[in-house]
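Summary of the model geometry
Listed below, chain by chain, are the residues.
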Amino acid sequence: MSNTTRVLVTGAGGFIGHHLMAHFKRQGYRVRGVDLKPPEYCPSSADEFELLDLRRWDSCLQATRGIDEVFALAADMGGMGFISNHHAQILYNNSLINLHTLEAARINGVRRYLYTSSACVYPEYKQAEANVVPLKEEDAYPAQPQDAYGWEKLVTERLCAHYREDYGIETRVVRFHNIFGPLGTWDGGREKAPAAMCRKVAIAKLTGNAEIEIWGDGEQTRSFCYIDDCVKGIDLLMRSDFRQPLNLGQDRMVTINQLADMVAAVAGVQISKKHVPGPMGVRGRNSDNTLLRSVLKWEPAVSLEEGLARTYGWIEEQVRERMAEERRPELAARRW
Ligand code: NAD
């Protein structure tokens, strides 16, 4: 990518999109960001930031006009609590966003298009055990994703392949495995496990109530990848000539109970876990990074401990500020 390349990041008001914009700006590129909302936690570094609803065809045409490369991150999404309870909304909104953004990009002569897919495309039957075999890209078929979110991602992966074959637009597809870090949603119902855990532990620390709730028995497993590695991997994949879907994540698997203990250790607080009913997603999931290493000659390097330390510090600050605003921490703790 040269400094004259005009880049569009959709979903630039969201967690990964915001960090990606900042990454491109540090490299000196001209970047347009588009989202329904501006970034929540700090101003965008975009040269242009447009508030557009990408479910709409006219918005997608406007967003992609004059653009060379699209990084398509806009999605109606959240953590397990959100994904497992909003199937119709997710399938409808994300299908419209992705169909319209890719077609508008084609009409406007965009050269390269990176689509952000998810480990949620992998079939349920390969993720039934906590001690799961790491998932290779080819494992996505025969398809049986658990949620509508995964089905929509899979369909858009196919759309990207066909647009490349039929129209020559250079598409790239990345499958993220649980990206986390500062400046991501940490409350409100769309937050993901690492952010939710940091918030719960921060509240335990600041209120002195050591009990934190964990959905299910906490023995479900996942791998977690820090945001700086995610941004680097996206950039490397877009520059590569690799055209098939590629995992982007860490391949160190931990249980949710272990994740809670790690966050508590970072916070320097004792917690007691209360296991409550709640959506757990698949029983086990891990990334097989064999293809990632061979294609990008690189793999995520920030350790989970280091990533959690950086994320926890930011979330504890948010919780402190919120409590200060409410001036009555004991009530705030109960409400959360
Ligand atoms: P996010 O929710 O923080 O960001 C998504 C952004 O898309 C939000 O700011 C939202 O306002 C915007 N958006 C939603 N509907 C829109 C619309 N109609 N028009 C314009 N903008 C709209 O999520 P994120 O974690 O930054 O994820 C970015 C991408 O990566 C998404 O496509 C997501 O599915 C994918 N992904 C993320 C993870 C993860 O762990 N964070 C894992 C797998 C896949």
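This text gives an overview of the structure that appears in the document.

Structural notes on the overall build of the chain
For the chain, the count of helices and strands is 11 helices and 13 strands. For the chain, the C-alpha radius of gyration of 20 Å lies close to 20 Å, the compact-globule estimate for 336 residues. Overall, the C-alpha framework of the chain stretches about 60 × 45 × 40 Å when taken along its three principal axes. Per-residue burial over the chain gives 54% buried out of 336 residues. The long-range fraction of contacts in the chain, counting pairs at least 24 apart against all pairs at least 6 apart in sequence, stands at 76%. When the accessible surface of the chain is totalled, it reaches about 14,400 Å², and 50% of it is carbon and sulfur. Of the side-chain charges in the chain, 42 are positive and 44 negative, and the distance between the mean point of each set is 2 Å.

Details of the site of the ligand
Surveying the vicinity of the ligand reveals 26 residues, the closest of which are Ile16, Asp35, Tyr149, Lys153 and Ile179. Within the backbone of Phe15, one N or O atom sits 2.9 Å away from an oxygen atom of the ligand. In this structure, Lys192 approaches the ligand through a side-chain N or O atom, which is 3.2 Å from a nitrogen atom. Alone, the ligand offers 820 Å² of accessible surface; in the complex the protein occludes 92% of this. Of all the secondary structure elements, the ones that give two or more residues to the shell around the ligand are helix H1 (15–26), strand E5 (112–118) and helix H5 (148–167). Residue contributions to the shell around the ligand peak at 3 residues, all from E5. Here the residues of the shell around the ligand are counted per class, giving 13 nonpolar, 7 polar and 6 charged.

Comments concerning the nonpolar core
Grouped together as the largest cluster of nonpolar side chains are 61 residues, with contacts concentrated most on Val9, Ile16, Phe71 and Ile234. Excluding residues within four positions of it along the chain, Val9 makes contact with Gly17, Leu20, Met21, Phe24, Val31, Arg32, Gly33, Val34, Phe71 and Leu73. One finds Leu54, Cys60, Ile67 and Leu159 within the second-largest nonpolar core, a separate group that totals 23 residues.

Here's the deal with the pairing of strand E1 (residues 6–10)
Most of E1 sits out of view: 4 of its 5 residues are buried. In this region the chain leaves E1, passes through H1 and returns to the parallel neighbour strand E2 (residues 30–35); the handedness of that crossover is right-handed. With 4 bridges connecting them, E1 and strand E4 (residues 69–72) associate as parallel partners. Residue pairing across strands places Leu8 opposite Val70, the latter belonging to E4.

A few points about empty space enclosed by the protein
Going through the model one piece at a time under the given rule, you end up with 1 cavity of 30 Å³ or more. In this structure, the largest cavity encloses a volume near 40 Å³. Lining the largest cavity are Ala72, Leu73, Ala74, Ala75, Asn94, Asn98, Tyr115, Thr116, Glu152 and Lys153. Elements that contribute at least two residues to the lining of the largest cavity include exactly helix H4 (87–107), E5 and H5. In terms of residue class, the lining of the largest cavity is made up of 5 nonpolar, 3 polar and 2 charged.

A look at the packing of H4 against H5
One can describe the packing of H4 onto H5 by two numbers: an axis separation of 9 Å at closest approach and a directional angle of 15 degrees. On the basis of their axis angle, the class for H4 and H5 is roughly parallel. When the axes of H4 and H5 are compared, the crossing they make is right-handed. Where H4 abuts H5, its residues His87, Ile90, Leu91, Asn94, Ser95, Asn98, Leu99, Leu102, Glu103 and Arg106 lie against Ala148, Tyr149, Glu152, Thr156, Leu159, Cys160, Tyr163 and Tyr167.

Brief notes about the packing of aromatic side chains
Summed over the entire model, instances satisfying the criterion amount to 5 aromatic pairs. Each ring, one from Phe180 and one from Tyr226, has its centre 5.7 Å from the other, and the planes form 70 degrees; the classification is edge-to-face. A residue pair is termed long-range when its members are at least 10 positions apart, and Phe180 in strand E7 (residues 179–180) and Tyr226 in strand E10 (residues 225–226) qualify at 46 residues. Taken individually, Phe180 and Tyr226 each receive the classification buried, so the pair is uniform in this respect. A network of ring pairs unites the aromatic residues Phe24, Tyr29 and Phe71 as a single cluster.

Let's talk about the side chain of Asp147
With respect to the helices, strands and loops of the structure, Asp147 is situated in the loop between E5 and H5. What Asp147 contacts, discounting residues up to four positions off in sequence, is Met80, Ile83, Ser84 and His87.

Regarding the state of the cysteines
If you walk through the whole model with that rule in mind, you get 0 disulfides. Not part of a disulfide, Cys160 finds its nearest cysteine sulfur in Cys60, a span of 13 Å. Judged by relative accessible area, which is 1%, Cys160 ranks as buried.

Things to note about the pattern of salt bridges
On inspection of all chains with the given rule, the structure shows 29 salt bridges. A salt bridge links Arg32 to Glu48, with the shortest nitrogen-to-oxygen separation between them at 3.0 Å. One end of the pair, Arg32, is in strand E2; the other, Glu48, is in strand E3 (residues 48–51), and 16 residues separate them in sequence. On the basis of relative accessibility, which here comes to 29%, the residue Glu48 falls in the partly exposed class. Close ionic contact of Arg55 with Asp53 constitutes a salt bridge, the shortest N to O distance being 2.6 Å. Several salt bridges share partner residues, and in doing so they unite Arg30, Arg32, Glu48 and Glu50 into one network.

Criteria and cut-off values
- Throughout this description, residue numbers start from 1 for each chain and increase along the sequence as written.
- Two thresholds apply to this predicted model, a pLDDT of at least 70 for residue-level local features and 80 or more for giving and counting side-chain atom pairs, whereas whole-chain, interface and lining totals are computed over all residues.
- Note: side-chain values were computed over all heavy atoms of the structure, leaving out hydrogens and water.
- In this description a helix means any DSSP run of H or I spanning at least four residues, a strand means any run of E spanning at least two, and both kinds are numbered starting from the N terminus.
- When we talk radius of gyration, it's over C-alpha atoms, and the globule rule is simply 2.2 Å times the number of residues to the 0.38.
- Partly exposed describes any residue whose relative accessible area lies between the buried limit of under 20% and the exposed limit of over 50%, with all areas from a 1.4 Å probe on protein chains only and scaled to the type maximum.
- Any two residues having at least one pair of non-hydrogen atoms within 4.5 Å are treated as being in contact.
- Reported accessibility uses the Shrake-Rupley method at a 1.4 Å probe radius. Residues are deemed covered only where the shown protein chains occlude them.
- A positive count includes Lys and Arg, and a negative count includes Asp and Glu. His and the chain ends are not counted in either.
- Charged groups are reduced to one reference atom each: NZ for lysine, CZ for arginine, CG for aspartic acid, CD for glutamic acid.
- We call a residue near a molecule or strand when any one of its heavy atoms sits within 4 Å of it.
- Polar contacts here mean pairs of N or O atoms no more than 3.5 Å apart (in protein, one a potential hydrogen donor and the other a potential acceptor; neighbouring residues in sequence count only if both atoms are side-chain atoms).
- Any residue outside Ala, Val, Leu, Ile, Met, Phe, Trp, Tyr, Cys, Pro, Asp, Glu, Lys and Arg is labelled polar, Gly included; the first ten of those are nonpolar and the last four are charged.
- Definition used in this section: a nonpolar core is a set of buried Ala, Val, Leu, Ile, Met, Phe, Trp, Tyr and Cys residues joined via side-chain atoms within 4.5 Å.
- Clockwise travel from the first strand over the helix to the second, with the strands pointing away from the viewer, marks a crossover as right-handed.
- In this analysis, strands are considered paired if DSSP registers two or more bridges between them.
- We place a 1 Å grid over just the protein atoms. Points where a 1.4 Å probe fits but has no way out form a cavity, open points with protein on both sides within 12 Å along at least 5 of 7 lines form a pocket, and any residue with an atom within 4 Å of a point lines it.
- Grid points are joined across faces, edges and corners, and a volume is the space filled by probe spheres set on the points.
- For helices, the axis comes from a line fit to the C-alpha atoms of the stretch in contact; other axes are also lines fit to C-alpha atoms, and the angle between any two N-to-C directions lies between 0 and 180 degrees.
- Small angles under 35 degrees read as roughly parallel and large ones over 145 as roughly antiparallel, with 65 to 115 read as roughly perpendicular and the rest as oblique.
- Two helices crossing with the near one rotated counterclockwise from the far one by less than a right angle form a left-handed crossing, whereas a clockwise rotation gives a right-handed crossing.
- Under the pairing criterion, centres of Phe, Tyr and Trp rings, with the six-membered ring standing for Trp, must be within 6.5 Å; the plane angle then separates stacked pairs below 30 degrees from edge-to-face pairs above 60, leaving the rest tilted.
- Criterion for a disulfide: a pair of cysteine sulfur atoms within 2.5 Å.
- What counts as a salt bridge is simple: a side-chain nitrogen of Lys or Arg found within 4 Å of a carboxyl oxygen of Asp or Glu.

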